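Survey of secondary and tertiary structure
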Amino acid sequence: MTTKPFVFLPVLSHGLLVAGCGDDVRDYSWSPATLSRANSCGDLEVRLKEDALFKMNATIDSAIASIEARDSRTFDMGDDEALAAGDGTQSPTAPSENGDSAPDHSETNVQVDGVDEADIVKTDGNYIYTLHGRSFAVVTAWPTSALELASTTPVEGYPLEMFVTDDKVVIYTRVDGQPIFDGLGLPQRSDPYGYDYPMPEPGYGSGYPSLTKVTVLSKSGTAAAVEQEYYFEGEYLSARRVGSQVHTVVTSSAYRQLWNSWPSYYGDSDGDEIDALEELRSENIYRIATATLQDCLAYRFVKNGDAVEQIPCPCADYWLPTEGTTQHGVTQIETFDLDNLSAGLSGAHIVGAVQTVYANAESLYLAAAHWQNPGWMEERPDTPVSVTATHVHKFDIATDPATPRYVASGSVPGLVHNQFSLDEQDGILRVATTDRVVSGYTSQSVNDLFVLAQSGDALHAIGQIQNLAPGNIRHYRRLVLSALSYHRLPLPYL
């Protein structure tokens, strides 16, 4: 088993509180993340709509603020040297072929030993298994003199990744949801961006979402046969396998379609943009108020023979965030047991999109990016403002391996780069982030390292090093102008 190196693990011992590389005087005005379970379907619907209203209003308020700033300000760019220099106070401191057994062979390069990660190629030494085109292919690999394509099994959709065990194969594909939605008489998903012209292709804003399909094959030698098929509304993010338990993470924009972000004529110089946005706000309030619970939730399906059936998701499986701490979307952890497929699915759903998945044998973490607008003002404060954060949610996958159990959440400044920015040992989580810090009309990146420990349902920092390797000052005024010149780009996503 080959494992990828994780470079910062030796830096901090578990209980060590480490001083930062310079005083951290950043202002953090974002709320820390928390999750709470829905008490009932009624409670879930009410809280989903409250969260939708919050996010819809924040989106429109940001658009209006950018219009007002554009219309009321006259930018004097000055010379480049003056802009770069600033006032000097804006930046924070900083074998043998004759044998019968399989030869020695490598396996998937994983982050954590014992936690399998999906890939496009797998091998057990005797055979090579690969996703090729729209098929699952088995190649006889040993002895090398017998190398040949042994079998292919067609798969539905466009292959993404797979797991392979001694007797099972789990294949992830992306499929068009239109046939299933039409076959079950389900309503189309409305286009959240307010376009009033037909979209060209199902699954890309036309009202029919793409689905992530999970196909479980039984495997014996080179033969494979379909044993179970699931469909989840949304995009495949990542998956982990611990023993026979497979944990799949899918993120969906189903909940996002409750409201429109832009009037169809937004940006038309002949119309009043702010009036149009306020009118859109009123329309969205009505749409959210009259939406049903199913309008808010992502669909799940199971295929039995040729028939596809919808799988209801218990409302108690939903976890809702602190207002304003999540981006648009719903994230699903879907778990099944390869040794007990008849048990079906279990898991947890979070209201909010996530971008990064990390797991070891005991815990699964979901990391969600958060941006905040530092505000539109004539003079920005001298205190640097952190405009990015990462909210981390921890799930226990060891106590009851068949059911991920939410246990705690925490927040740190900055954004993680990928799964290798996180690592847990003995219940202690280490997170490396890069933060964007804004002050005046300058911004720069800084790097931080945090050590988090669980206390109750919260992840608290017990050690940290901040302001590592500050980046170069950027001309933030130019960044603002770029955003204003293209109205549909919200400032928080810069």
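Up top is the structure.
Anyway, here's the lowdown on the structure attached to this text.

Some words on the state of the cysteines
All told, the structure shown has 1 disulfide when counted by the stated rule. A sulfur-sulfur separation of 2.0 Å characterises the disulfide bridge that pairs cysteine 41 with cysteine 315. Here the S-S torsion is close to 95°, and the disulfide linking cysteine 41 with cysteine 315 is therefore right-handed. With a relative accessible area of 40%, cysteine 41 lands in the partly exposed category. Taking the relative accessible area as the measure of exposure, cysteine 315 reaches 10% and is therefore buried.

Description of the pattern of salt bridges
It is possible for side chains of opposite charge to pair when their charged atoms get near one another. Considering all chains together, one arrives at 15 salt bridges under this definition. Aspartate 116 is the partner of arginine 241 in a salt bridge, and the nearest nitrogen-oxygen pair spans 3.2 Å. Placement of arginine 241 in strand β11 (residues 235-242) and of aspartate 116 in strand β2 (residues 116-117) is noted, with a sequence separation of 125 residues between them. Per residue, the accessibility class of arginine 241 equals that of aspartate 116, and both read buried. One salt bridge in this structure joins glutamate 424 and lysine 394, with 3.6 Å as the shortest N-O distance. Here lysine 394 lies in strand β21 (residues 388-396) and glutamate 424 lies in strand β23 (residues 422-425), a separation of 30 residues in the sequence. Each member of the pair, glutamate 424 together with lysine 394, is buried.

Points about the sheet that holds strand β8 (residues 168-176)
Taken together, the 6 strands give an open sheet; going across it, the order is β7-β8-β9-β10-β13-β14, and neighbouring strands pair in antiparallel fashion. Since the sheet does not close on itself, it has two edges, and those belong to β7 (158-164) and β14 (307-310), each with one partner. Across the sheet, the mean angle from the axis of one strand to that of its neighbour is 25°, orientation sign disregarded. With 4 bridges joining them, strand β10 (residues 223-233) and strand β13 (residues 300-304) adopt antiparallel strand pairing. By the bridge assignment, phenylalanine 232 is partnered in β13 with arginine 300.

Focus on the nonpolar core
By size, the foremost hydrophobic cluster in this structure holds 24 residues, and its most contacted members are Leu44, Leu48, Leu258, Leu297 and Tyr318. Of all the secondary-structure elements, those providing two or more residues to this core are α1 (41-72), α4 (273-290), α5 (293-296) and β15 (318-321). One finds Val214, Val246, Val250 and Phe336 within the second-largest nonpolar core, a separate group that totals 18 residues.

Some words on a negative patch on the surface
There is a patch of like negative charges on the surface, built from Asp272, Asp275, Glu279 and Glu283. Inspection of the secondary structure assignment puts aspartate 272 in the loop between β12 (245-252) and α4. A residue is classified by how much of its surface remains accessible, and aspartate 272, at 44% relative accessible area, is partly exposed.

Re the packing of aromatic side chains
Enumeration according to the criterion identifies 12 aromatic pairs in this entry. A centroid spacing of 6.1 Å and a plane angle of 0° characterise the contact between tyrosine 129 and phenylalanine 136, whose relative ring orientation is stacked. Residue phenylalanine 136 is classed as buried on the basis of its relative accessible area of 0%. Between phenylalanine 181 and tyrosine 299 the ring centres are 5.3 Å apart and the planes differ by 85°, which places this aromatic pair in the edge-to-face class. Pair noted here: phenylalanine 181 is in helix α3 (residues 178-183) and tyrosine 299 is in the loop between α5 and β13, with a separation of 118 residues, a long-range link. The burial state of phenylalanine 181 is the same as that of tyrosine 299; both residues are buried.

Describing the sheet that holds strand β3 (residues 121-123)
Reading across the sheet, the 4 strands line up as β3-β4-β5-β6 and stay open at both edges, with antiparallel pairing between neighbours. Taken across any chain shown, the strands that pair with only one partner, and hence form the sheet edges, are β3 and β6 (148-154). On average, each strand axis in the sheet is tilted by 20° relative to the strand beside it, whichever way the strands run.

With respect to α4
When the terminal C-alpha atoms of α4 are compared, their 26 Å separation across 18 residues agrees well with the 26 Å that a helix rising 1.5 Å per residue should span. Glu273, Ala276, Leu277, Leu280, Arg281, Asn284 and Ile288 are the residues of α4 that are buried. Burial along α4 is one-sided: seen end-on, the buried residues are contained in an arc of 145°. Facing away from the buried surface of α4 by more than 90 degrees, the exposed residues are Ser282, Tyr286 and Ala289. By the N-cap criterion, in which a side-chain oxygen at the helix start approaches the backbone nitrogen of a residue two or three places on, α4 is capped by aspartate 272, the distance to isoleucine 274 being 3.1 Å.

Here's the deal with the pairing of strand β17 (residues 346-353)
Of all 8 residues in β17, 8 are buried, a share of seventy percent or more. Here 7 bridges tie strand β16 (residues 327-337) to β17, and the two strands are oriented antiparallel to one another. When the sheet's bridge partners are listed, glutamine 327 is paired in β17 with alanine 353.

Calculation criteria
Residues numbered from 1 in each chain as written. Predicted model: local features only at pLDDT ≥ 70, side-chain atom pairs only at ≥ 80, totals over all residues. Heavy atoms only, no water. Disulfide = S-S within 2.5 Å. Buried < 20%, exposed > 50% of the residue type's maximum accessible area, 1.4 Å probe, protein only. Salt bridge = Lys/Arg side-chain N within 4 Å of Asp/Glu carboxyl O. Helix = DSSP H or I, 4+ residues; strand = E, 2+ residues; numbered from the N terminus. Pairing = 2+ DSSP bridges. Axes fitted to C-alpha atoms, helices over the stretch in contact; angles between N-to-C directions. Core = buried A, V, L, I, M, F, W, Y, C linked by side-chain atoms within 4.5 Å. Patch = residues over 30% accessible without salt bridge, like charges linked within 9 Å, V, L, I, M, F, W, Y side chains within 5 Å. Areas by Shrake-Rupley, 256 points an atom, 1.4 Å probe, with all protein chains shown as cover. Lys, Arg positive; Asp, Glu negative; His and termini not counted. Charge placed at Lys NZ, Arg CZ, Asp CG, Glu CD. Phe/Tyr/Trp six-rings, centres within 6.5 Å; stacked < 30°, edge-to-face > 60°. Expected span 1.5 Å × (residues − 1). Arc of directions from axis to C-beta. Polar contact = N/O pair within 3.5 Å; in protein donor to acceptor, adjacent residues only side chain to side chain.

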